[in-house]
Amino acid sequence: ATEKARALLAYLAAEAQFAHSREALADLLWPDQPEARARQSLRQALSSLRQALQDDDGHPQPLLLVGREVIQFNAASDHWLDAAEFRRLAGERRTHRHRTPEGCLPCLRRAERMARLYRGAFLDHFAVRDSAPFEEWMSLEREWLQREMVQALDDLTTFHARRGEPGIARDYAYRQVALDPWREESHARLMRLLAADGQRSAALVQYETCR
């Protein structure tokens, strides 16, 4: 019903590994309100959210675990979250023991899965105008996810270029440039891929875009 209820769901789902105090959630979404009023606003948003989800206390597998002091998204509930799956894959890439990520086939498969999952910025076009703490959290999440995607695309570009698959390498390179247009090395790699494939004019266009 409200952007605050949607923001509450987004935050709880993305941070499902933690139980969140009502005080912290009220401060996150209603930072400029007095404490009592902020907690009342939280209760109203939570009630609206549970009603929309049809997620009452009698549900056999509720999405939200609601206590008197803490609220948590139920990680064991029947749900799927693309950002959580993306984060899991990124974590496995970081902790997997290999010489280089662009030479590790299991990690490249994870990178391919990440590329399929990533269809835009985290909570793109969503904003909560009067909640700076939520906006800051959302911005940090967005930056982290994008950074992981750029690195995954970099590894995939390198892998396919070395295998002599310029078309696939270029597709990943174009995505990388679109995600992080200020990264000069990504432009340079794309120019080299285009030039190596005989597309001199396209390489020059890419140079002008970079410049």
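Refer to the structure above for everything that follows.
Residues numbered from 1 in each chain as written. Predicted model: local features only at pLDDT ≥ 70, side-chain atom pairs only at ≥ 80, totals over all residues. Heavy atoms only, no water.

**Things to note about the pattern of salt bridges**
Oppositely charged side chains are able to pair whenever their charged atoms sit close together. Counted by the stated rule, this structure contains 16 salt bridges. Across the pair glutamate 3 and arginine 129 runs a salt bridge whose closest N-O atoms are separated by 3.7 Å. On the criterion of sequence distance, the pair formed by glutamate 3 in helix α1 (residues 3–14) and arginine 129 in the loop between α5 (105–117) and α6 (132–162) is long-range, its members being 126 residues apart. Residue classification places arginine 129 among the exposed residues on the basis of a relative accessible area of 72%. When the shortest N-O distance is used, the salt bridge between arginine 211 and glutamate 208 registers 2.8 Å. Taken together, the shared-partner salt bridges connect Glu85, Arg88, Glu92 and Arg110 into one network. (Salt bridge = Lys/Arg side-chain N within 4 Å of Asp/Glu carboxyl O. Helix = DSSP H or I, 4+ residues; strand = E, 2+ residues; numbered from the N terminus. Buried < 20%, exposed > 50% of the residue type's maximum accessible area, 1.4 Å probe, protein only.)

**Regarding the packing of aromatic side chains**
The full count for this structure, using the stated rule, is 5 aromatic pairs. Aromatic pair phenylalanine 126 and phenylalanine 134: ring centres 6.2 Å apart, planes at 75 degrees, arrangement edge-to-face. Judged by relative accessible area, phenylalanine 134 falls into the buried class, the value being 0%. Between phenylalanine 134 and tryptophan 137, the ring centres sit 5.3 Å apart and the planes meet at 45 degrees, which makes this aromatic pair tilted. With a gap of 3 residues between them, phenylalanine 134 and tryptophan 137 both fall in helix α6, about one helical turn apart. Accessibility assignment for this pair places phenylalanine 134 and tryptophan 137 in one class, buried. Ring pairing ties together the aromatic residues Tyr11, Phe122, Phe126, Phe134 and Trp137, which thus form one cluster. A cation sits over an aromatic face here: arginine 87 above tryptophan 144, 4.3 Å from the ring centre. (Phe/Tyr/Trp six-rings, centres within 6.5 Å; stacked < 30°, edge-to-face > 60°. Lys NZ or Arg CZ within 6 Å of the ring centre and 35° of its normal.)

**Some remarks on helix α8 (residues 184–196)**
With 13 residues, α8 extends 18 Å between its outermost C-alpha atoms, agreeing within 8% with the 18 Å of an ideal straight helix rising 1.5 Å per residue. Residues Ser186, His187, Leu190, Met191, Leu193 and Leu194 constitute the buried set of α8. Take α8 and look down its axis: the buried residues cluster within an arc of 165 degrees, on one side only. α8 presents Glu184, Glu185, Arg192 and Ala196 as exposed residues on the side facing more than 90 degrees away from its buried surface. Lining the buried residues of α8 we find α6, α7 (166–179) and α9 (200–210). After α8 finishes, the residue glycine 198 shows a positive phi value of roughly 80 degrees. (Expected span 1.5 Å × (residues − 1). Arc of directions from axis to C-beta. Contact = heavy atoms within 4.5 Å.)

**A few points about the side chain of asparagine 74**
Counting through the fold element by element, asparagine 74 comes out in the loop between β3 (70–73) and α4 (82–95). In this structure, asparagine 74 is in contact with Gln61, Pro62, Leu63, Leu65 and His79, ignoring residues within four places of it in sequence.

**A few points about the environment of alanine 7**
Among the secondary structure elements, alanine 7 is positioned in helix α1. Judged by relative accessible area, alanine 7 falls into the buried class, the value being 0%. C-alpha separation for the pair alanine 7 and alanine 127, spaced 120 residues apart in sequence, amounts to 8.4 Å. Filtering out sequence-adjacent residues up to four positions away, alanine 7 remains in contact with Leu29, Phe126, Val128 and Phe134.

**Regarding the nonpolar core**
By size, the foremost hydrophobic cluster in this structure holds 48 residues, and its most contacted members are Leu8, Phe134 and Met149. When contributions to this core are tallied by element, the ones reaching two or more residues are α1, α2 (22–29), α3 (35–53), β3, α4, α5, α6 and α7. For leucine 8, the contacting residues outside a window of four places in its chain are Leu25, Leu29, Leu42, Ala45, Leu46 and Leu49. With 7 residues, the next largest nonpolar core counts Ala169, Val177, Leu193 and Ala203 among its residues. (Core = buried A, V, L, I, M, F, W, Y, C linked by side-chain atoms within 4.5 Å.)

**Observations concerning the side chain of arginine 93**
Among the secondary structure elements, arginine 93 is positioned in helix α4. Of the residues examined, arginine 93 reaches a relative accessible area of 9% and is grouped as buried. For arginine 93, the side chain forms a polar contact with the side chain of aspartate 155, separated by 2.6 Å. Not counting residues up to four positions away in its chain, the partners in contact with arginine 93 are His98, Cys107, Arg110, Ala111, Met114, Gln151, Ala152 and Asp155. (Polar contact = N/O pair within 3.5 Å; in protein donor to acceptor, adjacent residues only side chain to side chain.)

The analysis is restricted to geometry; functional conclusions fall outside its scope.
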